[in-house]
Amino acid sequence: GGEEALLLVAERVFRLPARDDLPTEKLPEWARAAAAEIVPAEVDWDLMIEHGQEWMAEWDQSVRGKG
């Protein structure tokens with residue numbers, strides 16, 4: 001999870017780091033272009049807290065290990 005490792009992974013295996021505290025100028029060009037276009041989704045945290053456990057249980061039953 002360190003900066004050096006995340007930048008290496010972005011460059012070598014084309015994975016966009018989830019962290020937003022990395023220096024943008026150190027990212028590969030493709031990652032800078034992608035990061036410029038990403039719009040974070042709005043999250044209703046109250047709804048997530050209220051239903052999160054049941055949603056994860058449903059995912060575990062219906063999705064996990066089936067793909």
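1. Topic: the pattern of salt bridges
- In the structure shown here, the tally under the stated rule is four salt bridges.
- With its nearest N and O atoms 3.2 Å apart, the salt bridge here joins Lys26 to Glu3. In this pair, Lys26 is assigned in the loop between helix H1 (3-13) and helix H2 (29-37) and Glu3 in helix H1, connecting sequence segments 23 residues apart.
- According to the relative accessible area criterion, Glu3 is partly exposed, its value standing at 30%.

2. As for the layout of surface pockets
- What the largest pocket holds in volume is close to 250 Å³.
- Lining the largest pocket we find Leu16, Pro17, Ala18, Arg19, Asp20, Leu22, Thr24, Leu27, Ala35, Ile38 and Pro40.
- The class makeup of the residues in the lining of the largest pocket is eight nonpolar, one polar and two charged.

3. Topic: unusual backbone geometry
- For Phe14, which is not glycine, the phi torsion reads 55° and is therefore positive.
- Residue class for Phe14 comes out exposed when judged on its relative accessible area of 57%.

Calculation rules
- Residues numbered from 1 in each chain as written.
- Predicted model: local features only at pLDDT ≥ 70, side-chain atom pairs only at ≥ 80, totals over all residues.
- Heavy atoms only, no water.
- Salt bridge = Lys/Arg side-chain N within 4 Å of Asp/Glu carboxyl O.
- Helix = DSSP H or I, 4+ residues; strand = E, 2+ residues; numbered from the N terminus.
- Buried < 20%, exposed > 50% of the residue type's maximum accessible area, 1.4 Å probe, protein only.
- 1 Å grid on protein atoms, 1.4 Å probe; cavity = no way out; pocket = protein on both sides within 12 Å on 5 of 7 lines; lining within 4 Å.
- Points joined across faces, edges and corners; volume = space filled by probe spheres on them.
- Nonpolar A, V, L, I, M, F, W, Y, C, P; charged D, E, K, R; others polar.

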